[in-house]
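One-letter residues, chain by chain:
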Amino acid sequence: MAKTFPEGFLWGASTSAYQVEGAATTHGKKPSQQDVINKDNYQKYGFATAEIASDHYHHYKEDVALMKEMGFTAYRFSIAWSRVFPDGVGEVNEEGIQFYRDLIKELKDNGIEPIVTLYHYDLPWALVEKYDGWISRQVVEDFKYYAEYVINEFKNDVRYWTTINEQSIIVQYIDQKNFIPEKYQGNDQIRYQINHHMNLAHAIACKLVHELVPGGLVGAPLGYAPVYPLTSQPKDVLAMLNAEDLRNHYYTDIYFKGEYTKSAMIYLEEHGLAPVIEEGDMELIKEGTSDFLALNYYASECCKWCEDEGQGIRYNGVNRSGKKGDLSGFETHPGFYQMCKNPNLDTTDWDWAIDPTGLEYAFRDLYTRYGKPLMITENGFGAYDTLTEDGKVHDDYRIDYWTKHLQALKRAIDKGVEVLAFCPWSAVDLLSTSNGVKKRYGFVYVDRTDDDPKECKRIKKDSFYWYKDVIESNGGNL
Ligand code: BGP
C-alpha cells in the first residue's frame, strides 16, 4: 500500500460566507435569512451575530496567506447570494461580485484551487419577504438566475462546484438553517417541500456547470452520518435500514439515480409529509447528474426500533449549552425508527459522537453504492479553545480527531475508494451555526468573543503546524 495519499489529492479546508465574512449589511450587501436568524440567536442565547463574524471580508488576503503557509491546494467556501444580488434577483451588486473576483484571484495566485459552494443556508431575506423563500417554487427560478450569473462569471477560474449545502441537515434542523414564517411553524410537510425545491435547484446547478464550465465538476455537499443499529436485534437492524433510507439515501439516490428512495417516500406519503411533485420535476432531477459527492462528516448516528404507540413524530434536538448530555431529544418516527445515543462512542461537549471508523464505513458504503468519487468538504472538532498567555492554542484534542479521521480516510482509499479532497471545517475560527463563536473549529484562532469582536486577530493554533506537516508529507506522516 502507498504510504501517502494519491498524487494530486487536494488538501485544504472549508468555511461558509455568513459564518466567516462579516460585512453582512455593508458594501452593498443586504441581509440573508441567516443574518436574521443569527440576530435572534444573539437575543435568545447571546451568540455572536453574523455582522462581523470573523471579518474575513477585510482579512481575506491574510487568511489566504495563512492557507498558503499551511500548504493548501484547495479552499472550499461559499458565495453569499445576498452579496451578489442583494434583492435575490435583479441588479447585481458590483462591489459584492468584485469581492469574490478578488478572493478567487488571490487563491489562484497562491496555487489554491477554489471549491465553490453556491448556497450555504443564506437565502436573501428579500426572497423570504417576497414569497416565504424556499417554501415557494418561485425560488427555483430565482436560484437559477443567481447560479447562472455566478457560474458564468467564474467558469474559467473555478473547476469544482458544490451546490446546496446539507439538504439533509436543513430537513432535520429546519428552524436553524432556514427561516420559517410563523404561519408554517409546526408544519412538517414543508421540510420535504423545501427539500424538493432544493433538489430542483441542485439539478439546475449541475446542468449549468456541465453546460458552461469547461471540464467543470459538480456535486452536492451533503451532511452525512451513517446510522448504526443499537443492537443486533433484527428489529433494530430494520430500524437502521429505515433510518438510512429516510436520512441518507433519500438525498443520495436523488443525486445519483434521480429518484426518491421508495421506502422513505412511502413512509412520507403515509404520514402526509411527502412533497408535491409537479410534472417534469423528476425528469429535470434526472438530467442534473452529479460528478461526485462531497461529504460533511462529523459523526455517526445510532438508532433502535420504535413501536408506533401514537406518540407522534419528532425531529432532532440540539445542545445549546456545550455541556455533554444536554441534547434536547432524539428524532423519532414511530413504527419506523428512533435515534438514540451510541453507548460505544465518546462525544464532543455538544454531544456529537466521535467516530473515525464511521467515516471509513460511509466512504466504503457510498462508493460501493454509487461508484462516484467522494470528497470531504467538512470534518472537524467543535471545542472551547484556550488562548494561553503567551499567545498559543494547544488544541491537541483536535489534532487527535483529525489524525484518526485521516487515517480512516486513507484506509478507505486503500480499499479502492476514489477520494478527491480533504477540506475539513474550518480554515479559520468562525461563527457556529448553532452555538456562537465560543465553539471553535479552525486551524487559526480568531481573537474575538460572542460579545466582543475585538480586532479579530489571527493566531496559529498547534493544529496549524500539525496540518502543515501532514500536507507537506502528502499524508505520509500520519
Ligand atoms: C455543518 C455546516 C457548517 C458548520 C458545521 C458545524 O452542518 O455545514 O456550516 O457550521 O456543521 O456545525 P455547528 O456550527 O453547528 O457546530
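In this text the structure is predicted, and so the values were computed from the model without any measurement.

S.K.: What exactly am I supposed to notice about the site of the ligand here?
M.R.: The ligand sits among 15 residues. The nearest are Gln19, Glu166, Thr433, Ser434 and Tyr441. At 2.8 Å, a side-chain N or O of histidine 120 approaches an oxygen atom of the ligand. Between the ligand and the protein, one listed contact pairs an oxygen atom with a side-chain N or O atom of serine 432 at 3.0 Å. Using a 2 Å cut-off from the grid points, one finds that the ligand occupies the largest pocket.

S.K.: What is the right way to read helix H5 (residues 94-109) from this model?
M.R.: Since the α-helix packs 3.6 residues into each turn, any two residues three or four apart lie on the same face. Under the 1.5 Å per step criterion, the end-to-end length of H5 is 22 Å for 16 residues, consistent within 8% with the ideal 22 Å. Of the residues making up H5, those classed as buried are Gly96, Ile97, Phe99, Tyr100, Leu103, Ile104, Glu106 and Leu107. On the buried face of H5, the contacting elements are helix H1 (17-20), helix H3 (56-70), strand S2 (74-78), helix H4 (81-84), strand S3 (113-119) and helix H7 (138-153). Positive phi shows up at glycine 111, right after H5, with a value of about 70 degrees.

S.K.: Looking at this model, I keep getting lost on the pattern of salt bridges. Mind explaining?
M.R.: Any two side chains of opposite charge can pair if their charged atoms end up close together. On inspection of all chains with the given rule, the structure shows 31 salt bridges. Arginine 83 is paired through a salt bridge with glutamate 21; the nearest N and O atoms lie 2.8 Å apart. Note that arginine 83 is positioned in helix H4 and glutamate 21 in the loop between H1 and helix H2 (33-45), a separation of 62 residues in sequence. A salt bridge links arginine 137 to glutamate 278, with the nearest nitrogen and oxygen atoms 3.5 Å apart. Of the two residues, arginine 137 is situated in the loop between helix H6 (125-131) and H7 and glutamate 278 in the loop between helix H12 (262-270) and helix H13 (281-287); the sequence distance between them amounts to 141 residues. Through salt bridges with shared partners, a single network forms among Asp385, Asp395, Arg398, Asp429, Arg440 and Lys461.

S.K.: I would appreciate a short explanation of the packing of helix H11 (residues 234-257) against helix H14 (residues 356-370) in the present structure.
M.R.: Geometrically, a packed helix pair is captured by the angle between its two axes and the distance between the axes. Interaxial distance between H11 and H14 falls to 11 Å at its minimum, and their mutual angle equals 40 degrees. Accordingly, the angle class assigned to the pair H11 and H14 is oblique. Pair H11 / H14 crosses with right-handed handedness. Every residue of H14 that contacts H11 at His249, Thr252, Asp253, Phe256 and Lys257 is listed here: Leu366, Arg369 and Tyr370. The residue inventory of the contact of H11 with H14, partitioned by class, reads 3 nonpolar, 2 polar and 3 charged.

S.K.: Sorry, what's going on with the side chain of serine 434 here?
M.R.: Along the chain, serine 434 turns up in the loop between strand S12 (419-422) and strand S13 (444-447). Within the structure, the side chain of serine 434 is placed 2.7 Å from the side chain of asparagine 435, a separation counted as a polar contact. When near neighbours in sequence (up to four residues on either side) are disregarded, serine 434 contacts Phe47, Gln176, Val318, Arg320 and Lys439.

S.K.: Would you mind going over the packing of aromatic side chains with me for this structure?
M.R.: Given two aromatic rings, one states the distance between the centres and the angle between the planes to describe the pair. Under the definition given, this model contains 39 aromatic pairs. Look at tyrosine 57 and phenylalanine 99: their rings are 4.5 Å apart centre to centre, the planes differ by 25 degrees, and that puts the pair in the stacked class. Taken together, the residues span a long stretch of sequence, with tyrosine 57 in helix H3 and phenylalanine 99 in helix H5 at a distance of 42 residues. For the residue pair tyrosine 57 and phenylalanine 99, the accessibility class agrees, reading buried in each case. Ring centres of tyrosine 298 and tryptophan 352 lie 5.2 Å apart, and the angle between their planes is 90 degrees; this geometry places the pair in the edge-to-face category. In this pair, tyrosine 298 sits in the loop between strand S7 (292-296) and strand S8 (301-304) while tryptophan 352 sits in the loop between strand S10 (337-340) and H14, placing the two residues 54 residues apart along the sequence. When its relative accessible area of 31% is taken as the criterion, tryptophan 352 is described as partly exposed. Taken together through their ring pairs, the aromatic side chains of Phe5, Phe9, Trp11, Phe72, Trp402, Phe422, Phe443, Trp466 and Tyr467 make up a single cluster. Above the ring of phenylalanine 99, the side-chain terminus of arginine 83 is found at 5.8 Å from the ring centroid.

S.K.: Looking at this structure, I do not really get the layout of surface pockets. What am I missing?
M.R.: Taking a probe equal in size to a water molecule and rolling it over the atoms shows the remaining empty space. One number sums up the size of the largest pocket: a volume of about 960 Å³. Forming the walls of the largest pocket are 49 residues, and the residues nearest its centre are Ile169, Tyr173, Ala299, Glu301 and Trp352. Where the lining of the largest pocket is concerned, the elements lending two or more residues are helix H8 (167-172), helix H9 (174-177), H11, S8 and S10. In terms of residues, the lining of the largest pocket owes the most to one element, H8, which gives 3 residues. Of the voids in this model, the second largest pocket is the one considered here, and its volume is about 290 Å³. Lining the second largest pocket are 16 residues, with Ile37, Asp40, Lys44, Asp175 and Gln176 positioned closest to its centre. For the lining of the second largest pocket, the secondary structure elements donating two or more residues are H2 and H9. Here the lining of the second largest pocket takes 6 residues from H2, the largest share from any one element. Broken down by class, the residue content of the lining of the second largest pocket amounts to 6 nonpolar, 5 polar and 5 charged.

S.K.: Can you walk me through the pairing of S13 in this structure?
M.R.: Residues of S13 alternate between two faces, with Val444 and Val446 on one and Tyr445 and Asp447 on the opposite face, all of them buried. Sheet topology note: the S13/strand S14 (residues 457-460) ladder contains 4 bridges and is antiparallel. Bridge pairing in S14 links valine 446 to arginine 458.

S.K.: It is not clear to me how the environment of asparagine 435 should be interpreted in this structure. Could you clarify?
M.R.: For asparagine 435, the location among the structural elements is in the loop between S12 and S13. For asparagine 435, a relative accessible area of 2% translates into the label buried. The sequence separation of asparagine 435 and glycine 382 amounts to 53 residues, and the corresponding C-alpha distance is 9.7 Å. The contacts of asparagine 435, once residues within four sequence positions are left out, are Phe47, Asn319, Arg320 and Trp350.

Cut-off values and rules
- Residues numbered from 1 in each chain as written.
- Predicted model: local features only at pLDDT ≥ 70, side-chain atom pairs only at ≥ 80, totals over all residues.
- Heavy atoms only, no water.
- Near = heavy atom within 4 Å.
- Polar contact = N/O pair within 3.5 Å; in protein donor to acceptor, adjacent residues only side chain to side chain.
- 1 Å grid on protein atoms, 1.4 Å probe; cavity = no way out; pocket = protein on both sides within 12 Å on 5 of 7 lines; lining within 4 Å.
- Sits in = over half its atoms within 2 Å of the grid points.
- Helix = DSSP H or I, 4+ residues; strand = E, 2+ residues; numbered from the N terminus.
- Expected span 1.5 Å × (residues − 1).
- Buried < 20%, exposed > 50% of the residue type's maximum accessible area, 1.4 Å probe, protein only.
- Contact = heavy atoms within 4.5 Å.
- Salt bridge = Lys/Arg side-chain N within 4 Å of Asp/Glu carboxyl O.
- Axes fitted to C-alpha atoms, helices over the stretch in contact; angles between N-to-C directions.
- Parallel < 35°, antiparallel > 145°, perpendicular 65-115°, else oblique.
- Left-handed = near helix turned anticlockwise from the far one by under 90°.
- Nonpolar A, V, L, I, M, F, W, Y, C, P; charged D, E, K, R; others polar.
- Phe/Tyr/Trp six-rings, centres within 6.5 Å; stacked < 30°, edge-to-face > 60°.
- Lys NZ or Arg CZ within 6 Å of the ring centre and 35° of its normal.
- Points joined across faces, edges and corners; volume = space filled by probe spheres on them.
- Pairing = 2+ DSSP bridges.

Coordinates in, geometry out; function isn't part of it.
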